[in-house]
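Spelled out from the first residue to the last, the chains are:
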Amino acid sequence: MRSPFRPATAPDPAILDNHRPLIRSMQRRGLLRGGLSLGALTMLTGCDVGSDGSIEAALRAVSSLNDRVQALLFDPNKLAPTYPESMVQKPPRFNAYYDVEDVKPVNGDAWRLELAGLIADKRPWTRQQLAELPERETIVRHVCVEGWDYIGQWSGVPMRTFLERIGADLRAKYVAFKCYDDYPSSIDMATALHPQTLLATKYAKETLADPFGYPLRLRTSTKLGFKNPKWITAIEVTNVYPGGYWEDQGFNWFSGI
Ligand SMILES: Nc1nc2c(c(=O)[nH]1)N[C@H]1C(S)=C(S)[C@@H](COP(=O)(O)O)O[C@H]1N2
Ligand SMILES: [Mo]
């Protein structure tokens, strides 16, 4: 299997326009200069970094700091930049943790969206039922940590509308996703409720095609590409940290603005 990401290189700052406010804000707070003392780190992360002195504990703390800081800086009402239809890339650019020839298409007629966790009505959904929900469109920039990006036009039901409709506990911390290709993923509830977060069923006004996640994928406008799972088969609302495919290999979990 090829490595889908270049090893630990930082994304090209020039294309991270969505992420600049976060980076600036962290720079202002001195968080990116590495100037934090062990004491300050302990205070900010709420765990005793120095107690067992292990590097692993410190690393865990720094990564949780990163997630917490990002969660604190996240403005649930601020919209990401949107673009004119003329800038939409057709078709979009494919990426997955395996090559495009290995994509296994989902049978849309047999497909059901399963629900689990802190949700009142866990009945599964068909494509037809999803299509009857209100639809919203968003034209936003997709940014992959590999260092490429494109403008895409996605439509589908707003995640907030869907979560309300199924009686999800909106005070829960996480929304987790299972995918047909075993690509676990999860986002924070604030991002799930953001007005530009969609359960997308269309790209450029057409039914989502493969290899781009037919019949259902997540489209956030505030998170990096890898936090937008394709071929979703199940959604769980939970307070237990769910992690994700790349997150479990060290990529920052929040990865958003
Ligand atoms: N199910 C699934 N979703 C996934 C991935 C994957 O491997 N499997 N890769 C992610 C990554 S790294 C990126 S950049 C985007 C790519 O989406 P696109 O092919 O629609 O551009 O999908 C994300 N969602
Ligand atoms: Mo990506």
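Residues numbered from 1 in each chain as written. Chains lettered and ligands numbered in written order. Predicted model: local features only at pLDDT ≥ 70, side-chain atom pairs only at ≥ 80, totals over all residues. Heavy atoms only, no water.

Peer 1: Please provide a residue-by-residue account of the overall build of the chain, values included.
Peer 2: From N to C terminus, the chain includes six helices and nine strands. Here the chain holds 257 residues, and 49% of them are scored as buried. At a minimum sequence separation of 6, the contacts of the chain that also span at least 24 residues come to 69%. (Helix = DSSP H or I, 4+ residues; strand = E, 2+ residues; numbered from the N terminus. Buried < 20%, exposed > 50% of the residue type's maximum accessible area, 1.4 Å probe, protein only. Contact = heavy atoms within 4.5 Å.)

Peer 1: Explain the site of ligand 1 to me, using residue names and the numbers behind them.
Peer 2: Around ligand 1 sit 21 residues, and of these Arg93, Tyr150, Asp181, Arg217 and Lys230 come closest. Backbone polar atom of Asn228 to a nitrogen atom of ligand 1: 3.0 Å apart, as the coordinates give it. Taking 540 Å² as the accessible area of ligand 1 by itself, protein coverage stands at 99%. At the level of secondary structure, the elements contributing two or more residues to the shell around ligand 1 comprise β2 (136-144) and β3 (148-158). (Near = heavy atom within 4 Å. Polar contact = N/O pair within 3.5 Å; in protein donor to acceptor, adjacent residues only side chain to side chain. Areas by Shrake-Rupley, 256 points an atom, 1.4 Å probe, with all protein chains shown as cover.)

Peer 1: Got a sec to walk through the packing of aromatic side chains? Specific residues and values, please.
Peer 2: For any pair of aromatic rings, geometry is given as the distance between the ring centres together with the angle between the planes. This structure, assessed with the given rule, holds 16 aromatic pairs. Ring centres 4.7 Å apart and planes at 85 degrees place the aromatic pair Tyr97 and Tyr98 in the edge-to-face group. Considered together, Tyr97 and Tyr98 belong to a single accessibility category, that of buried residues. Considering the side-chain rings of Tyr183 and Tyr245, the 5.5 Å spacing of their centres and the 25 degrees angle between planes classify their relative orientation as stacked. Placement of Tyr183 in the loop between β4 (174-179) and β5 (185-188) and of Tyr245 in the segment after β9 (232-238) is noted, with a sequence separation of 62 residues between them. Cluster of aromatic residues (ring-pair linked, three or more members): Tyr97, Tyr98, Tyr183, Phe226, Tyr245, Trp246 and Phe251. Lys104 extends its terminal NZ or CZ atom over the ring of Tyr180, reaching a point 5.5 Å from the ring centre. (Phe/Tyr/Trp six-rings, centres within 6.5 Å; stacked < 30°, edge-to-face > 60°. Lys NZ or Arg CZ within 6 Å of the ring centre and 35° of its normal.)

Peer 1: Which residues make up the sheet that holds β9, and what values go with them?
Peer 2: If you walk across this open sheet you meet the four strands as β1-β9-β4-β5, and the pairing is mixed. Two strands in the sheet have a free side with no partner beyond their single neighbour: β1 (114-117) and β5. Going across the sheet, the axis of each strand differs from the next one's by a mean of 20 degrees, ignoring polarity. One ladder, built from four bridges, connects β1 with β9; its direction is parallel. Looking at the pairing, Leu115 lines up with Ile235 of β9. (Pairing = 2+ DSSP bridges. Axes fitted to C-alpha atoms, helices over the stretch in contact; angles between N-to-C directions.)

Peer 1: Go over the pairing of β5 with me, naming the residues and quoting the values.
Peer 2: Burial along β5 is two-sided: the residues Ser185 and Ile187 and Ser186 and Asp188 are all buried. Here four bridges tie β4 to β5, and the two strands are oriented antiparallel to one another. Pairing of Ala176 across the sheet is with Ser186, part of β5. Linking two consecutive strands that pair antiparallel, namely β4 and β5, is a turn of five residues; a positive phi of about 55 degrees is found at Asp182 within it.

Peer 1: Account for the pattern of salt bridges, with residues named and values stated.
Peer 2: Taken as a whole and assessed by the stated rule, the structure comprises nine salt bridges. A salt bridge links Glu135 to Lys202, with the nearest nitrogen and oxygen atoms 3.0 Å apart. One end of the pair, Glu135, is in the loop between α4 (127-131) and β2; the other, Lys202, is in strand β6 (residues 198-203), with 67 residues separating them in the sequence. By relative accessible area, which is 46% here, Glu135 ends up partly exposed. One salt bridge in this structure joins Asp149 and Arg141, with 2.3 Å as the shortest N-O distance. For Arg141, a relative accessible area of 17% puts it in the buried group. (Salt bridge = Lys/Arg side-chain N within 4 Å of Asp/Glu carboxyl O.)

Peer 1: Which residues make up the confidence of the model for the chain, and what values do they have?
Peer 2: Detailed reading of the predicted coordinates is not advisable wherever pLDDT is low. When the pLDDT values of the chain are averaged, the result is 83; 75% of them are 70 or greater. The low-confidence segment residues 1-20 (pLDDT under 50) makes 43 contacts with residues lying over four places distant or belonging to another chain. Scored below 50 in pLDDT, residues 31-36 shows eleven contacts in the model against residues more than four places distant or in partner chains. (pLDDT = per-residue confidence, 0-100.)

Peer 1: Account for the nonpolar core, naming residues and giving values.
Peer 2: Ranked by internal contacts, the top residues of the largest apolar core, which has 55 residues, are Phe162, Leu163, Leu199 and Ile235. The biggest single contributor to this core is β3, with five residues. Setting aside residues no more than four positions away along its own chain, Leu199 makes contact with Ser155, Gly156, Val157, Met159, Phe162, Phe177, Leu216, Arg217, Leu218, Ile232 and Ile235. (Core = buried A, V, L, I, M, F, W, Y, C linked by side-chain atoms within 4.5 Å.)

Peer 1: Report on the side chain of Ser221, specifying residues and quantitative values.
Peer 2: Position of Ser221 relative to the elements: it lies in the loop between β8 (217-219) and β9. Within polar-contact distance, the side chain of Ser221 engages the side chain of Gln196 at 2.9 Å.

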